[in-house]
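# Structure assessment
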Amino acid sequence: MHEPDELSNAIEAAAAAIARSGHAVALVGAGLSAESGIPTFRGGEGIWTKLGEPTFDGWELFNQDPAAWWQEAISFKQEFAEFNRAIDDATPNAGHRAMADLEAMGRLAHIITQNIDNLHQRAGSRHITEIHGNRYLVRCMSCGARDRLESVRLDRLPPLCPECGGFLKNDTVMFGEPIPEDALRECYRQTALCDLFLVVGTSAVVYPAAEFPVIACRRGVPLIEINPEETPLSGLASVVIRATAGQSLPAIVERLVPGRGRR
Ligand code: OAD
C-alpha cells in the first residue's frame, strides 16, 4: 500500500488521465467484487486456493453428455455452495457504483469484466462485455443466443434453445471452454478503440483477458492499475494505485466531479 500522499498523487494522476481520454476501457476482475463479500479466486482467501482449481474436463463432460452435466449442476455442488451463495447475497459496492458514475459522466466507454456476478448491471453500468459469462444467464451452444436462467424449464434435460433447438448451458465459461465469439470480438474491438486502459482488481494471469491491456499498451495506450497487490501488469502501468477498488474508484470520481464520489 502507498503512503497517504503517494495514494493521493496516484488518484490525482488517474483522474487527470481519465479526464484527458476519449475512449477509456476497463478490464475488471474478482477484486472489484471482494468488497461486496464475494471471495476472489487466488490469494490467501481465494476459492481456488482453498478448494483447488476446477479440472479442465467440465467442458468435455458437457459435450459428452449435456443431460448428465445439467443433472450435476442442478444438484448444486456442495463445495461451491458457499461461493454461489456469496454471489447471490451480494450487492454492488462503492467501486461498482463509481464505475457506473464514470460511464454516466462519459468518462468510461466500456467495461470488460471477468466477473459473472451481474453487479455492474445492478450498479447502473450499461456498456459491459462479460468475457467469462453471467451466472444468471444460459447460452445456446449452437447459435449463441442467451436467455435468463430462471426462465428455462429444467423438467427435461438438457434444456433446448427455443431459437434453434441447440443445447443450452449456463453462460458461465468453464475451464477449457472457448470464450463466446461475440464477447471475444467485442473485447478485441474495445482494445483497438481505447486510448486509456483501467485494470481493476485482477491478478491478470488468465488469458485471453490479461492480454487486452498488453495489446493496448503496445500501441502506446497508458494503463492505470488499481490493485492492493502487484500483478504481471504493474510494470507496464503508468499509474499504479495500491488501494482497494472501493476506496480508489470513488476518490477518482470525486476528483473529476467534487461531491459525486461520496454516494
Ligand atoms: P483473482 O482471484 O485471480 O485476482 C483477484 C485480484 O484482485 C488480486 O490481484 C487481488 O490482489 C485483487 N484484489 C483483492 N481485493 C481487492 C480490492 N478490494 N480491490 C481491488 N483489487 C483487489 O481474480 P481474477 O483476476 O478475476 O475465471 O481471476 C480471473 C479469472 O480466474 C476469473 O474470472 C475466473 C478465474 O479462474 C473463470 O472462472 C473462467
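These lines cover the structure that appears in this document, whether it is placed above or below. (Residues numbered from 1 in each chain as written. Predicted model: local features only at pLDDT ≥ 70, side-chain atom pairs only at ≥ 80, totals over all residues. Heavy atoms only, no water.)

## Side note on the overall build of the protein chain
Basically, it comes down to this: In this text, helices come from DSSP runs of H or I with a minimum length of four residues, and strands from runs of E with a minimum of two, each type numbered from the N-terminal end. It is over C-alpha atoms that the radius of gyration is taken, and the globule rule equals 2.2 Å times the number of residues to the power 0.38. Only protein chains enter the accessibility calculation, which uses a 1.4 Å probe; a residue whose area is less than 20% of its type maximum is buried, one above 50% is exposed, and one in between is partly exposed. Any two residues whose heavy atoms approach within 4.5 Å at even a single point are treated as in contact. For every accessible area listed, the method is Shrake-Rupley and the probe measures 1.4 Å; residues are considered covered only by the protein chains on display. As used throughout, the charge tally considers Lys and Arg to be positive and Asp and Glu to be negative, leaving His and the chain termini uncounted. Lysine's charge is taken at NZ, arginine's at CZ, aspartate's at CG and glutamate's at CD.
The helix and strand tally for the protein chain stands at 11 helices and nine strands. The C-alpha atoms of the protein chain give 19 Å as radius of gyration, which agrees with the globular expectation for 263 residues (18 Å, within 12%). The principal-axis extents of the C-alpha atoms in the protein chain amount to approximately 60 × 35 × 30 Å. By the burial criterion, 48% of the 263 residues in the protein chain qualify as buried. Summarising the internal contacts of the protein chain: among those between residues at least 6 apart in sequence, 68% fall at separations of at least 24. Surface exposure of the protein chain reaches about 12,700 Å², of which carbon and sulfur atoms provide 52%. Averaging the coordinates of the 25 positive side-chain charges in the protein chain and doing the same for the 34 negative ones gives two points 5 Å apart.

## Regarding the packing of aromatic side chains
So the rule is basically this: Only the six-membered ring of Trp is used, alongside the rings of Phe and Tyr, when aromatic pairs are assigned; centres must lie within 6.5 Å, and planes under 30 degrees apart are stacked while those over 60 apart are edge-to-face, with the rest tilted.
Enumeration over the complete set of coordinates arrives at seven aromatic pairs. A ring pair is formed by Trp-48 and Phe-175, whose centres lie 5.8 Å apart and whose planes are at 85°; its orientation type is edge-to-face. Of the two residues, Trp-48 is situated in helix 3 (residues 47-51) and Phe-175 in the loop between strand 6 (168-170) and helix 9 (181-193); the sequence distance between them amounts to 127 residues. By relative accessible area, Trp-48 is classed as buried at 15%. Every member of this aromatic cluster is reached through a ring pair, and the members are Phe-41, Trp-48, Phe-83 and Phe-175.

## Focus: the site of the ligand
Just so we agree on the cut-off: We call a residue near a molecule or strand whenever a single non-hydrogen atom of that residue lies within 4 Å of it. Polar contact is defined as a pair of N or O atoms within 3.5 Å, subject to the rule that within protein one atom must be able to donate a hydrogen and the other to accept it, and that residues adjacent in sequence are counted only when both atoms are side-chain atoms. Throughout this entry, Asp, Glu, Lys and Arg are counted as charged residues, while Ala, Val, Leu, Ile, Met, Phe, Trp, Tyr, Cys and Pro are counted as nonpolar. The remaining residues, Gly among them, count as polar.
Among the 22 residues in the neighbourhood of the ligand, the closest are listed as Phe-41, Arg-42, Thr-202, Ser-203 and Asn-227. Thr-202 is positioned with one of its side-chain polar atoms (N or O) 2.6 Å from an oxygen atom of the ligand. For the ligand, a nitrogen atom lies 2.9 Å from a polar atom in the backbone of Ala-245. Residue composition of the shell around the ligand, grouped by class: nine nonpolar, 10 polar and three charged.

## Describing the sheet that holds strand 5 (residues 146-148)
Put simply, the rule is: Here, a strand pair is defined by DSSP locating no fewer than two bridges between the strands. Whenever a helix is involved, its axis is fitted only over the stretch in contact; in every case the axis is a line through C-alpha atoms, and angles between N-to-C directions fall within 0 to 180 degrees.
Ordered by their spatial adjacency, three strands build an open sheet running 5-4-6, and the pairing between neighbours is antiparallel. Looking at strand neighbours, the two that pair on one side only are strand 5 and strand 6, the edges of this open sheet. On average, each strand axis in the sheet is tilted by 35° relative to the strand beside it, whichever way the strands run. Relative to strand 6, helix 5 (residues 66-74) is tilted by about 35°, and along the sheet it contacts strand 4 (137-140) and strand 6.

## Observations regarding the environment of His-110
Along the chain, the position of His-110 falls in strand 2 (residues 110-113). His-110 sits in the buried class, given a relative accessible area of 6%. The spatial distance from the C-alpha of His-110 to the C-alpha of Ser-248 is 19 Å, given a sequence separation of 138 residues. Setting aside residues no more than four positions away along its own chain, His-110 makes contact with Ala-24, Val-25, Ala-26, His-127, Ile-128, Thr-129, Glu-186 and Gln-190. In this structure the side chain of His-110 is engaged in a polar contact, spanning 2.7 Å, whose partner is the side chain of Thr-129.

## Some thoughts on the nonpolar core
What counts, and what does not: Take the buried Ala, Val, Leu, Ile, Met, Phe, Trp, Tyr and Cys residues and link them wherever side-chain atoms come within 4.5 Å; each set so joined is a nonpolar core.
One finds Met-99, Val-200, Ile-224, Ile-241 and Leu-249 to be the most contacted residues of the largest nonpolar core, which totals 28 residues. Contributing elements (two or more residues each) for this core: helix 1 (4-20), strand 1 (24-28), helix 7 (94-104), strand 7 (196-200), strand 8 (223-226), strand 9 (239-241) and helix 11 (245-256). A per-element tally of this core places helix 1 first, with six residues. The residues contacting Ile-224, other than those within four sequence positions of it, are Ala-14, Ala-17, Ile-18, Leu-196, Phe-197, Leu-198, Val-199, Val-239 and Ile-241.

## So, the sheet that holds strand 3 (residues 128-130)
Strand order in the open sheet formed by six strands is 3-2-1-7-8-9, with parallel pairing between adjacent strands. Taken across any chain shown, the strands that pair with only one partner, and hence form the sheet edges, are strand 3 and strand 9. Sheet twist, expressed as the average angle between the axes of neighbouring strands with direction ignored, equals 15°. Here strand 1 runs beside strand 2; their pairing, made up of four bridges, is parallel.

## Things to note about helix 9
Heads up, the condition is: Expected span of a helix: the number of residues minus one, times 1.5 Å. Think of it as the arc spanned by the lines of direction from the helix axis to the C-beta atoms.
Here helix 9 spans 18 Å end to end across 13 residues, near enough to the 18 Å set by a 1.5 Å rise per residue. Along helix 9, the residues classified as buried are Ala-183, Glu-186, Cys-187, Gln-190 and Thr-191. On an axial view of helix 9, the arc spanned by its buried residues comes to 140°, and they lie on one face. Exposed side of helix 9, more than 90 degrees from the buried face: Glu-181, Arg-185 and Ala-192 are the residues found there.

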